[in-house]
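Residue-level structural notes
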Amino acid sequence: MVMTFLPEIDLALVQESISVSSLSFLSFLPNTLQWINSLGALGGIVFIGIYIIATLAFLPAAILTLGAGVLFGVIWGSLYVFIGATLGAVAAFLVGRYLAQSWVKEKISSYKKFAIIDKAVSKEGLKIVLLVRLSPLFPFNLLNYAFGITSVSFQDYLIGSVGMIPGTIMYVYFGYLAGDLALISTHNQPVNIILSWVIKIIGLIATIAVTIYVTKIAKKALDEEI
């Protein structure tokens, strides 16, 4: 998941991350979401588990975030995504810190800015993690592993995960509206459909505006710190 605006991402690494496994994941995703939807109350737990795996495996969790909006709505969808993204990020952090330091160092060796962030983390761990989450300089999945080889404490890393919330809500909201669009031609639409959509669109605009605003402030603050 969890993504925000204005990422400075190396295109070569992005292309590398779109592997055969990622494409296979995307091809199976619609059926997976339908299966989760059929599980009823257990669907949320299963969704969180799949999100954790996607985060660890460098799979495109952003698509899952959209799917959460379709399946669970904005509130529950955002909650499930945040839990899954946080647990996945924690697992990747622990792998990077205790099991795969050499592999992580090799992966991030092309990122010159990470060395600067690493130094900044040693002074203000929580603040830097929070700002990076709000204005990411790296792909989300790789960043989780990368923080594991810094000096940031586990507590600061965990608390800094709240920085994922604005982007999470925005993408879940997109998915929620996409799900509602699919219902327009069915009998499940509300009676006051025009009013309902006006409210939803206003909510979407407000969500995007807040996310962009928070991201710009975070990016400026992070640039000043590093």
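Cut-off values and rules
- Residues numbered from 1 in each chain as written.
- Predicted model: local features only at pLDDT ≥ 70, side-chain atom pairs only at ≥ 80, totals over all residues.
- Heavy atoms only, no water.
- Helix = DSSP H or I, 4+ residues; strand = E, 2+ residues; numbered from the N terminus.
- Buried < 20%, exposed > 50% of the residue type's maximum accessible area, 1.4 Å probe, protein only.
- Contact = heavy atoms within 4.5 Å.
- Polar contact = N/O pair within 3.5 Å; in protein donor to acceptor, adjacent residues only side chain to side chain.
- UniProt positions renumbered as here; feature names shortened; annotations may be inferred.
- Axes fitted to C-alpha atoms, helices over the stretch in contact; angles between N-to-C directions.
- Parallel < 35°, antiparallel > 145°, perpendicular 65-115°, else oblique.
- Expected span 1.5 Å × (residues − 1).
- Bend = angle between axes of the 7 residues up to and from the residue.
- Core = buried A, V, L, I, M, F, W, Y, C linked by side-chain atoms within 4.5 Å.
- Phe/Tyr/Trp six-rings, centres within 6.5 Å; stacked < 30°, edge-to-face > 60°.

A separate point is the overall build of the chain. Counting its regular elements, the chain contains eleven helices and zero strands. Within the chain, buried positions represent 42% of all 226 residues. A fraction of 84% describes how many contacts in the chain between residues 6 or more apart in sequence connect residues 24 or more apart.

Before going further, it helps to spend a moment on the side chain of Thr55. Tracing the sequence through the fold places Thr55 in helix H3 (residues 43-56). A distance of 2.9 Å separates a polar atom in the side chain of Thr55 from the backbone oxygen of Tyr51. Those residues within four positions of Thr55 in sequence are excluded, and the remaining contacts are Ala85, Gly88, Ala89, Phe140, Asn141 and Asn144.

The subject of this paragraph is the UniProt feature "transmembrane region" (unreviewed entry) in the chain. When the UniProt feature table is mapped onto this chain, "transmembrane region" (unreviewed entry) is found at residues 41-64, 70-95, 157-174 and 194-214. Its end C-alpha atoms 18 Å apart, residues 41-64 is made of 75% helix and 0% strand. Annotated as residues 157-174, this span is 72% helix and 0% strand, and its ends, taken at the C-alpha atoms, are 28 Å apart.

A few words now on the packing of H3 against helix H8 (residues 140-147). Contact geometry for H3 and H8: axes closest at 8 Å, N-to-C directions at 75 degrees. The angle between the axes of H3 and H8 places the two elements in the roughly perpendicular class. Residue-level inspection shows Ala54, Thr55 and Leu56 of H3 in contact with H8, the latter providing Phe140, Asn141, Asn144 and Tyr145.

So, on to helix H4 (residues 61-98). Its 38 residues place the ends of H4 only 24 Å apart at the C-alpha level, less than the 56 Å of an ideal helix rising 1.5 Å per residue. The axis of H4 is deflected most strongly, by about 125 degrees, at Gly73.

Time to look at the nonpolar core. Among the nonpolar cores identified, the biggest contains 31 residues, and Phe47, Tyr51, Leu64, Phe147, Val152 and Tyr157 are the most heavily contacted of them. Contributions of two or more residues to this core are made by helix H2 (20-37), H3, H4, helix H6 (112-123), helix H7 (125-134) and H8.

Applying the stated criterion to the full structure yields twelve aromatic pairs. Geometrically, the ring pair formed by Phe93 and Tyr157 is stacked, given 4.2 Å between the ring centres and 20 degrees between the ring planes. Of this pair, Phe93 sits in helix H4 while Tyr157 is found in helix H9 (residues 154-159), placing the two residues 64 residues apart along the sequence. Assigned by exposure class, Phe93 and Tyr157 land together as buried. Ring-pair connections join several aromatic residues into one group, and the members of that group are Phe47, Tyr51, Phe72, Trp76 and Tyr80.

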